[in-house]
Amino acid sequence: MRPVFTQIRAAVFRRRMQTATVVLVSLLATTVSTMALTLLVRSTQPFDDAFARIDGPHLVFHLDATQVRPAQLQATSTLPGVTAAGPPHEIA
């Protein structure tokens, strides 16, 4: 194994500019990928914080708009045990 390391060291000293370029590009690629992953995680942070603050929904349901009128849906927000209700959101 020692001859392999000797050969590698000799190649690195012979090609200093290429070695420095490869090291620099590798460090930049690592930095950029780490920054991208951090931004990806942090981009959902405000939603996660707000969702945790209100303890998330306890019940979510989907209705068939042909079967339920908006007045019927609005009346469910006054039922016993309902502490908060959001407006119906139409999905385009």
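Residues numbered from 1 in each chain as written. Predicted model: local features only at pLDDT ≥ 70, side-chain atom pairs only at ≥ 80, totals over all residues. Heavy atoms only, no water.

Asks: When you look at the overall build of the chain in this model, what are you seeing that I'm missing?
Replies: Scanning the chain from terminus to terminus reveals four helices and zero strands. What you see for the chain is a C-alpha radius of gyration of 29 Å, clearly larger than the 12 Å of a compact globule of 92 residues, by over 25%. Taken over the C-alpha atoms alone, the chain extends approximately 80 × 30 × 25 Å along its principal axes. Among the 92 residues that make up the chain, the fraction classed as buried is 1%. Counting 8 positive and 5 negative side-chain charges, the chain places the averaged centre of each group 38 Å from the other. (Helix = DSSP H or I, 4+ residues; strand = E, 2+ residues; numbered from the N terminus. Rg over C-alpha atoms; globule rule 2.2 N^0.38 Å. Buried < 20%, exposed > 50% of the residue type's maximum accessible area, 1.4 Å probe, protein only. Lys, Arg positive; Asp, Glu negative; His and termini not counted. Charge placed at Lys NZ, Arg CZ, Asp CG, Glu CD.)

Asks: I would appreciate a short explanation of the environment of aspartate 64 in the present structure.
Replies: If you trace the backbone, aspartate 64 turns up in the loop between α3 (45-53) and α4 (70-75). Here aspartate 64 falls in the partly exposed class, since its relative accessible area comes to 42%. A polar side-chain atom of aspartate 64 sits 2.9 Å from a polar atom in the side chain of threonine 66. (Polar contact = N/O pair within 3.5 Å; in protein donor to acceptor, adjacent residues only side chain to side chain.)

Asks: So what exactly am I meant to see when it comes to a nonpolar patch on the surface here?
Replies: A cluster of nonpolar side chains, contributed by Met1, Val4, Phe5, Ile8 and Val12, occupies part of the molecular surface with about 510 Å² of accessible area. For methionine 1, the location among the structural elements is in the segment before α1 (2-14). (Patch = residues over 30% accessible without salt bridge, like charges linked within 9 Å, V, L, I, M, F, W, Y side chains within 5 Å. Areas by Shrake-Rupley, 256 points an atom, 1.4 Å probe, with all protein chains shown as cover. Salt bridge = Lys/Arg side-chain N within 4 Å of Asp/Glu carboxyl O.)

Asks: It is not clear to me how the confidence of the model for the chain should be interpreted in this structure. Could you clarify?
Replies: Should the pLDDT be low somewhere, the predicted coordinates at that spot are not to be read in detail. Summarising the model, the chain shows a mean pLDDT of 84, and 91% of its residues fall at 70 or more. Across the chain, the secondary-structure element scoring lowest on mean pLDDT is α3, at 81, and the one scoring highest is helix α2 (residues 16-42), at 94. (pLDDT = per-residue confidence, 0-100.)

Asks: Please explain the environment of leucine 27 as it appears in this structure.
Replies: The residue leucine 27 is located in helix α2 in this model. Sequence separation between leucine 27 and phenylalanine 51 is 24 residues; the distance between their C-alpha atoms is 37 Å.

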